[in-house]
Amino acid sequence: MEQREAGRPTPPPAWKPRTDPAPLLPDPEPYRVLGTGRAKEADSELLLKLYGELVRGRRYNAQATALTKQGRLAVYPSTTGQEAAEIAAALVMEERDWLFPSYRDTLAAVARGLDPVQALGLLRGDWHTGYDPYEHRIAPLSTPLATQLPHAVGLAHAARLKGDDVVALAMVGDGGTSEGDFHEALNFAAVWKAPVVFLVQNNGFAISVPLAKQTAAPSLAHKAVGYGMPGRLVDGNDAAALHEVLGEAVRRARSGEGPTLVEAVTYRMDAHTNADDASRYRSEAEVETWRGHDPIDLMERELTGRGLLDEERIEAVREDAEEFAARLRQGMNADPVLDPMDLFTHVYAEQTSQLREQAAQLRAELDAESEAEQQR
């Protein structure tokens, strides 16, 4: 046996790691800024801006949830408690960059500048996408899990081939990491060194399935190592930490160093959607524990402690959020004007013969109804 082992050929070098795995590993604990010595180095104007956006984002979530109860929205997946990740993702990108949100990330789209009524078009049932993705550099919001991730990689790779200085930031929940699209996207992105940043909002549950039943990995950030990209683990309720980590990942991608996977450890304070009963799979005590780590409270404590925020400024920020909510209510209370012929407008760049035939049939039916109305 010893003689046979001694004569055994050495495996070819292809089996060896392409890269040193050590620098790719995430920190053992989520990275934090607020409440640590690092906070003193954070830019005060940035912290104030983050705070204002967090407060407005919380009010946006509350207003959108109320709209479902009024029948103005069919469904709404809230990001209450997750606002820090939504806001940081929107603010770290340049205007030329692309955001690839999941269905839960309407707040990120709104923080990037999208009109909130347009952002809610899908959830309202008016349009599949209520805005022009090219104008806003925001990919369509859609409900299939993780399908936006390969799209982000494709756009980023194509932009680099064209010589465009563009980064794609793709957002996904912890449940989306169990989809095949997640793995395919990370593999292609790493092999191509595509300028992509993957942001996983680990909010604890894929609807009702806790993370422990989705993966046995030490963290979702550790999954990055298997594809050859860095994994970063960050406190998802710490807006300053998220802005720093995501900003670094965006700069890394833009400079040609390839993709990064960022896991933001956060918590979904509200139910999965307004149609979900979260009490069936988690306790109120668990939720209350996370309320003690509220992203707005964390930022407010930091700013007041540094003398950058007082009651007058807090009230001004809240008034701004209320005005924003009022504009959203006004926009959503206006009944949309819908044209049935739009069914055929955005299916293909050039309509197929079948679509032209169907469009002509519908037009004839609409004209006949209009003539009948006029004769009454």
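In this text, all values refer to a predicted model and were calculated from it rather than measured experimentally. Throughout, residues of each chain are indexed from 1 in the direction in which the sequence is written. It should be noted that, the model being predicted, local features are given only for residues of pLDDT at least 70 and side-chain atom pairs only at 80 or more, the latter also being counted only at that level, while totals for whole chains, interfaces and linings use all residues. Computation of side-chain values: all heavy atoms of the structure, hydrogens and water removed.

> I keep staring at the nonpolar core and nothing clicks. Help me out?
One broad rule of soluble globular proteins: the nonpolar side chains tend to lie buried together. Ranked by size, the top nonpolar core spans 65 residues in total, and within it Y51, L169, L199 and M299 carry the most contacts. Here a residue-residue contact requires only that any non-hydrogen atoms of the pair lie within 4.5 Å. L169 has contacts with A89, V92, M93, W98, L99, F100, V197, L199 and V250, leaving out every residue within four places of it along the chain. For the purposes of this section, nonpolar cores are sets of buried Ala, Val, Leu, Ile, Met, Phe, Trp, Tyr and Cys residues that join through side-chain atoms within 4.5 Å. In this scheme, a residue with accessible area under 20% of its type's maximum is buried, one over 50% is exposed, and one in between is partly exposed, where area comes from a 1.4 Å probe on protein chains only. Core analysis: the next-biggest nonpolar cluster, separate from the first, contains 26 residues, V172, L186, A190 and V200 among them.

> Explain the packing of aromatic side chains here, please?
For any pair of aromatic rings, the description consists of the separation of the ring centres together with the inter-plane angle of the planes. Two rings belonging to Phe, Tyr or Trp (six-membered ring only in the last case) form a pair when the distance between their centres is within 6.5 Å. Interplanar angles under 30 degrees mark stacking, angles over 60 mark edge-to-face geometry, and anything in between is tilted. This structure, assessed with the given rule, holds eight aromatic pairs. Centre to centre, the rings of Y60 and F324 are 6.2 Å apart; their planes meet at 55°, and the pair counts as tilted. With Y60 in helix α2 (residues 44–69) and F324 in helix α13 (residues 311–333), this residue pair connects regions lying 264 residues apart in the sequence. For the residue pair Y60 and F324, the accessibility class agrees, reading buried in each case. Consider the rings of W98 and F100, whose centres lie 6.1 Å apart with planes at 35°: the pair is tilted. By way of ring pairs, the aromatic residues F205, Y267, Y281 and W290 are connected into one cluster. Of note, R232 hangs over the ring of Y31, and the distance from its end group to the ring centre comes to 5.8 Å. A helix here means a DSSP run of H or I that spans at least four residues, while a strand means a run of E at least two residues long, and both kinds are numbered starting from the N terminus. Note on geometry: a ring has a charge over it if NZ (lysine) or CZ (arginine) is within 6 Å of the ring centre and within 35 degrees of the ring normal.

> What am I meant to see in the environment of L145 here?
Within the fold, L145 resides in the loop between α7 (133–136) and α8 (148–162). Counting along the chain gives 33 residues from L145 to S178, while the straight-line C-alpha distance between them is 9.2 Å. Other than its neighbours up to four places away in sequence, L145 contacts Y103, E179 and D181.

> In this structure, what is going on with the sheet that holds strand β2 (residues 168–173)? I would like to understand it.
Consider a sheet: its strands pair through backbone hydrogen bonds, and that pairing is either parallel or antiparallel. Pairing between two strands requires that DSSP report at least two bridges joining them. Taken together, five strands build an open sheet; the order of strands is β1-β2-β3-β7-β6 and the sheet is parallel. On the outer flanks of this sheet lie β1 (98–100) and β6 (231–235), each paired with one strand and no other. Across this sheet, the average inter-strand angle for adjacent strands is 20°, counted without regard to direction. Note that β1 and β2 share three bridges and pair parallel. Bridge pairing in β2 places W98 opposite A168. In this fold helix α10 (residues 239–254) packs onto β2, β3 (196–202), β6 and β7 (260–265), with an angle of close to 160° to the strand it touches most, β6. Note on method: axes are straight lines fitted to C-alpha atoms, helices fitted across the in-contact stretch only, with angles between N-to-C directions ranging 0 to 180 degrees.

> What is the right way to look at the side chain of S102 in this model?
By the element assignment, S102 lies in the loop between β1 and α4 (106–111). Residue classification places S102 among the buried positions, given a relative accessible area of 10%. Each polar contact in these results corresponds to two N or O atoms within 3.5 Å; when the atoms are within protein, one needs to be able to donate a hydrogen and the other to accept it, and residues that are neighboring in sequence are counted only if both atoms are side-chain atoms. Looking at S102, its side chain comes within polar contact range of the side chain of D105, at 2.7 Å.

> How do you make sense of unusual backbone geometry when you look at a structure like this?
Leaving glycine aside, a negative phi is the common case for residues, and trans is the common case for peptide bonds. Notably, K193 is not glycine yet its phi reads approximately 55°, a positive angle. When you line up the elements, K193 lands in the loop between α9 (180–192) and β3. What makes K193 partly exposed here is its relative accessible area of 41%. At I207, a position not held by glycine, the phi torsion is positive, near 60°. Tracing the backbone shows I207 in the loop between β4 (205–206) and β5 (209–210).

> Would you mind showing me how to read the environment of A253 here?
In this fold, A253 is placed in helix α10. Take A253: its relative accessible area is 3%, and that puts it in the buried class. With near-sequence residues (within four places) excluded, A253 lies in contact with V167, P195, V196 and G258.

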